[in-house]
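# Tertiary structure, described
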Amino acid sequence: MVAAMSMLELTGLGKDYGDRTAVKALDLVVKKGEILGLLGPNGAGKTTTISMACGVITPTRGRVVVSGTDLAKQPRVAKAKLGYVPQDLALYEELSATQNLTYFAALYGIHGALAAERVTWALGVVGLGDRATDVVKTYSGGMQRRLNIAAGLVHKPELLVLDEPTVGVDPQSRNHIFETVRTLRASGMTVIYTSHYMEEVEALCDRVAIMDGGAITALGTIPELVAKYAGKGIEIEIAGDVAAAETAAAAHATVTREHSVLRVEPTAGLAPVIAAIEASGVTIARIESRQASLETAFLALTGKALRDVA
Ligand SMILES: Nc1ncnc2c1ncn2[C@@H]1O[C@H](COP(=O)(O)OP(=O)(O)OP(=O)(O)O)[C@@H](O)[C@H]1O
Ligand SMILES: [Mg+2]
């Protein structure tokens, strides 16, 4: 059965804030056991989408089903199945790690010996076992971020949802967070991972959903997205009249222009493109074949470089 294979189903899910539509009407199925990356420029609607999926904000339209449970109909049952790790830290600075996690466990109705066991487990997963009794305000930023993840884990959810978990962390904590995500997936947990960092998504995710303007514009494995959207274009840098070179090249290729660089996809080989540009009297400064990567796919889909918007 299809339902048994899906961890999260979003159907026609959308959110309006007054006149502004933050998320249109989104359909997404997250498979059991996968790490799904959610990539998109600022304001794409990533946080709004996962906040609706986790029951933190109420959708304007659409439906959320968490492992077979309708979130609107059985919110407590659905929420117990997922762990939401918000981008902003949600921790009590004056309390120790153990006290924080014991509190979060209690929110899910976990008390006593089971709570103690879960707290120890969650701290171990994020590599903070030796700092359990330290007060959180004495933690580094990266350690606080790891504890924030532990807070989302303490009730052992089937689905872990991370909103930009590595923003502002040191490389060591970042590696730790990567290892945590991999370990959890290996243990059977499903993960949604929102990030601005292409390398993180490439390193971690089984599939990637690219969001822009409140909609998912592409979804697939990285090789699928690269094959479909990145193309294998060629960059030609022009020294001189770029507009003239563009017109000349356009007779033999699909051309897009960015400052002094033409990105061309030749219709019948590169030679006629070069000949036409040179015949127009313009000098070619550089020719380079564009590497097909997730980054070029993202650029082709959104028109934005992720680094520019991070
Ligand atoms: N509480 C709110 N009230 C009004 N508008 C909102 C609210 N929350 C989000 N929006 C708007 O919804 C859109 C999507 O925002 P969202 O935070 O989901 O984007 P995002 O993809 O997470 O961006 P970022 O990469 O910056 O975190 C934006 O235009 C934002 O201004
Ligand atoms: Mg966000």
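Read on for a plain summary of the structure. (Residues numbered from 1 in each chain as written. Chains lettered and ligands numbered in written order. Predicted model: local features only at pLDDT ≥ 70, side-chain atom pairs only at ≥ 80, totals over all residues. Heavy atoms only, no water.)

### Some words on a nonpolar patch on the surface
A cluster of nonpolar side chains, namely Y92, L95, Y103, L107 and Y108, defines an oily patch on the protein surface of about 450 Å² accessible area. The residue Y92 is located in the loop between β6 (82-85) and α4 (97-107) in this model. (Patch = residues over 30% accessible without salt bridge, like charges linked within 9 Å, V, L, I, M, F, W, Y side chains within 5 Å. Areas by Shrake-Rupley, 256 points an atom, 1.4 Å probe, with all protein chains shown as cover. Salt bridge = Lys/Arg side-chain N within 4 Å of Asp/Glu carboxyl O. Helix = DSSP H or I, 4+ residues; strand = E, 2+ residues; numbered from the N terminus.)

### Quick look at the site of ligand 1
Neighbouring residues of ligand 1: 13 residues in total, closest N42, G43, K46, T47 and T48. Within the backbone of A44, a nitrogen or oxygen atom sits 3.1 Å from an oxygen atom of ligand 1. Within the contact set of ligand 1, an oxygen atom lies 2.7 Å away from a side-chain nitrogen or oxygen of K46. Starting from 640 Å² of accessible surface for ligand 1 in isolation, the protein chains cover 64%. Looking at the shell around ligand 1, the elements that each hand over two or more residues are β2 (20-31) and α2 (46-53). Here the shell around ligand 1 gets three residues from one element, more than from any other, and that element is α2. In terms of residue class, the shell around ligand 1 is made up of four nonpolar, six polar and three charged. (Near = heavy atom within 4 Å. Polar contact = N/O pair within 3.5 Å; in protein donor to acceptor, adjacent residues only side chain to side chain. Nonpolar A, V, L, I, M, F, W, Y, C, P; charged D, E, K, R; others polar.)

### Some words on the pattern of salt bridges
This model, assessed by the stated rule, comprises 15 salt bridges. A salt bridge links R61 to D16, with the shortest nitrogen-to-oxygen separation between them at 2.8 Å. Residue R61 is found in strand β4 (residues 61-66), and its partner D16 is found in strand β1 (residues 6-17); the two are separated by 45 residues along the sequence. Residue classification places R61 among the partly exposed residues on the basis of a relative accessible area of 27%. Residue classification places D16 among the partly exposed residues on the basis of a relative accessible area of 26%. In this structure, a network of salt bridges that share partners links the residues E235, E237, E258, R263, R286 and E288. (Buried < 20%, exposed > 50% of the residue type's maximum accessible area, 1.4 Å probe, protein only.)

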